[in-house]
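Given next are the chains, with one letter for each unit.
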Amino acid sequence: MKKMIVKGSQKLAGEVTIGGAKNSTVALIPASILADTPVEFDSVPDILDVHNLMLILKSMHVDSFYNRGKLTVDPTKIESTPLPGGAIRSLRASYYFMGALLGKFGEAVVGFPGGDNIGPRPIDQHIKGFKALGAKVVEKNDTVYITTGPEGLQGARIFFDLVSVGATINVLLAAVKAKGTTIMENVAREPEIVDLATFLNNMGAKIRGAGTDVIRVQGVDSLRAQNVHTIIPDRIEAGTYLSFAAANGNGVLVKNVITEHLDPFIAKMQEMGVTLEIDEDKIYVPGGDLLAPVSVKTAPFPGLATDLQQPLTPLLMKAKGSSTIIDTLYPERTKHIPEMQKMGAKIASKDGVITVGHAQQLVGTTVEAGEIRAGVSLLGLALMAEGTTTITKADNILRGYDRIVEKFRGLSVDLKVITESDELVF
Ligand SMILES: CC(=O)N[C@H]1[C@@H](OP(=O)(O)OP(=O)(O)OC[C@H]2O[C@@H](n3ccc(=O)[nH]c3=O)[C@H](O)[C@@H]2O)O[C@H](CO)[C@@H](O)[C@@H]1O
Ligand SMILES: C=C(OP(=O)(O)O)C(=O)O
């Protein structure tokens, strides 16, 4: 595990360009194995999750090549391979190989995924969807075994018990080549699901309703890529830079943003008193506003994203007074709290409510990035603190933030990543 070394009392200034969305990318890569042709992606973030997915592809005899935001995947020599562990456990989205392999071969053996430790993350709705399509599912020794009979997957009507991004994507991947029509109700509406449906439809899939709470899929026999798919910008990465720029910036322009994807987050920042100059696909944050405390509640899209509650925290600490956060999706997503307390922050969690007080004096120390968003929020705080902060387990941040050191350096921030034995990585 690497360490991130952050000098304190540094203000962000300049421009940053947002990369492709992690949560789209990690669905699009498994989805690419459904194609009968090579596929090409543009605007692919340089994150550990992508490199780990490429390792998984390799184990299935799928060649892939990544260079400066462009990724080619050639699934034409794919073999149905069990994926019990290894790289599977390095990220959450590896479970999309369940749906993708099932759609491709009518069978899948995939280990339970890893990903952020943000509280319980069951996959019962994924399994319910696979079963509804006619698959037999057995869970044994931390591995899911999914099979179908000779008739393969059959379209079905599925009403999800709760709104789940992962279950919506996984079942969609299985349904896209199933026989007949699948109607998925009470599905997630996240923009990353629309991005995935766009990619699949451009290859010949028949998916209607992505972005609403009912998705209809007419199964097709073959998917063939016709063009390069450009991945949508990462709304969580954008929100992170917006928050840090408002908390601790001297004029920051955030480029390549679909502002509509950030509506609830932008509204919350404005409610605090943050000045935002919003253009078509970019947002300028002058910084230096006097801020008021707010109440924050996360919800599935189009609500305020759970993935942004921790990155918003450094900004909440600038407000004069106490703010509250209720994370309805992951009430236990609090790994940043004890670490922030070590830095002198007034933050606590009780009965599912996080209280964030005004930060008087923050001091740099050694803290641990328990997961991606906990880690990045510590980085935001470290920039506001006096002295140097060492963030251990920094791989959790590098899992999902595109070229983060390069981007922060572009914003005049001195940051470096080193190995356990103190060798410079970036
Ligand atoms: C790779 C990816 O896209 N990750 C995102 C995805 O995670 P992920 O897809 O894992 O999150 P879900 O939308 O599935 O989870 C939403 C809620 O449903 C619950 N649930 C989910 C599935 C299930 O079968 N049973 C069940 O009870 C979860 O515990 C959670 O409370 O959406 C989350 C919620 O926006 C984000 O924080 C993650 O960044
Ligand atoms: C929870 C997250 O990711 P994952 O689902 O990949 O663990 C996240 O991106 O904040």
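As the structure is a prediction and not an experimental result, all values here were calculated from the model. (Residues numbered from 1 in each chain as written. Chains lettered and ligands numbered in written order. Predicted model: local features only at pLDDT ≥ 70, side-chain atom pairs only at ≥ 80, totals over all residues. Heavy atoms only, no water.)

Next up on the list: the pairing of strand β5 (residues 70-74). Of the two faces of β5, the one holding Leu71 and Val73 is buried and the one holding Lys70, Thr72 and Asp74 is not buried anywhere. Where strand β3 (residues 39-42) lies against β5, 3 bridges are found, and the strand directions are antiparallel. For Val39, the partnering residue across the bridge sits in β5 and is Val73. Direction of pairing for strand β4 (residues 63-67) relative to β5: antiparallel, over a ladder of 5 bridges. Within β5, the position partnered with Asp63 by the bridge is Asp74. (Buried < 20%, exposed > 50% of the residue type's maximum accessible area, 1.4 Å probe, protein only. Helix = DSSP H or I, 4+ residues; strand = E, 2+ residues; numbered from the N terminus. Pairing = 2+ DSSP bridges.)

Counted by the stated rule, this structure contains 4 aromatic pairs. Ring centres of Phe41 and Phe199 lie 5.0 Å apart, and the angle between their planes is 45°; on these two criteria the pair is classed as tilted. Linking Phe41 in strand β3 with Phe199 in helix α6 (residues 191-202), this pair joins segments that are 158 residues apart in sequence. Residue classification places Phe41 among the buried residues on the basis of a relative accessible area of 2%. Ring centres 6.5 Å apart and planes at 45° place the aromatic pair Phe244 and Phe408 in the tilted group. With Phe244 in helix α7 (residues 235-248) and Phe408 in helix α13 (residues 404-410), this pair connects stretches of sequence that are 164 residues apart. Overall, the relative accessible area of 1% leaves Phe408 in the buried class. Here a set of aromatic residues connected by ring pairs shows up, and it is made of Tyr241, Phe244 and Phe408. (Phe/Tyr/Trp six-rings, centres within 6.5 Å; stacked < 30°, edge-to-face > 60°.)

Mapped onto the present numbering, the UniProt feature "domain: Enolpyruvate transferase" (unreviewed entry) falls at residues 6-407. For the annotated span residues 6-407, helix accounts for 31% and strand for 23% of the residues, and the straight-line distance between the end C-alpha atoms is 14 Å. (UniProt positions renumbered as here; feature names shortened; annotations may be inferred.)

Right, let's talk about the site of ligand 1 for a bit. Inspection of the region around ligand 1 gives 21 residues, with Asp124, Gln125, Ser164, Val165 and Asp307 positioned closest. In the model, an oxygen atom of ligand 1 is placed 3.1 Å from a nitrogen or oxygen of the Tyr330 side chain. When each cavity is represented as a set of grid points, ligand 1 is found to reside in the largest pocket. Listed by contribution, the elements that provide at least two residues to the shell around ligand 1 are α1 (22-31), α4 (124-132) and α5 (165-175). (Near = heavy atom within 4 Å. Polar contact = N/O pair within 3.5 Å; in protein donor to acceptor, adjacent residues only side chain to side chain. 1 Å grid on protein atoms, 1.4 Å probe; cavity = no way out; pocket = protein on both sides within 12 Å on 5 of 7 lines; lining within 4 Å. Sits in = over half its atoms within 2 Å of the grid points.)

Here we come to the environment of Gly69. Along the polypeptide, Gly69 turns up in the loop between β4 and β5. Using a relative accessible area of 12% as the deciding quantity, one classes Gly69 as buried. When the C-alpha atoms of Gly69 and Val220 are compared, they prove to be 30 Å apart, with 151 residues separating the residues in sequence. Contact partners of Gly69, with chain neighbours within four places excluded, come to Phe41, Asp42, Ser43 and Val44. (Contact = heavy atoms within 4.5 Å.)

For ligand 2, the full set of nearby residues is Lys22, Arg92, Gly115, Asp116, Ile118, Arg121, Asp307, Arg333, Ile372, Arg373 and Arg399. Contacts to ligand 2 include Arg399, whose side-chain N or O atom sits 2.5 Å from an oxygen atom. Here ligand 2, which alone exposes 290 Å², has 93% of that area covered by the protein. Because more than half of its atoms lie within 2 Å of the grid, ligand 2 is assigned to the largest pocket. The residue makeup of the shell around ligand 2, split by class, is 2 nonpolar, 1 polar and 8 charged. (Areas by Shrake-Rupley, 256 points an atom, 1.4 Å probe, with all protein chains shown as cover. Nonpolar A, V, L, I, M, F, W, Y, C, P; charged D, E, K, R; others polar.)

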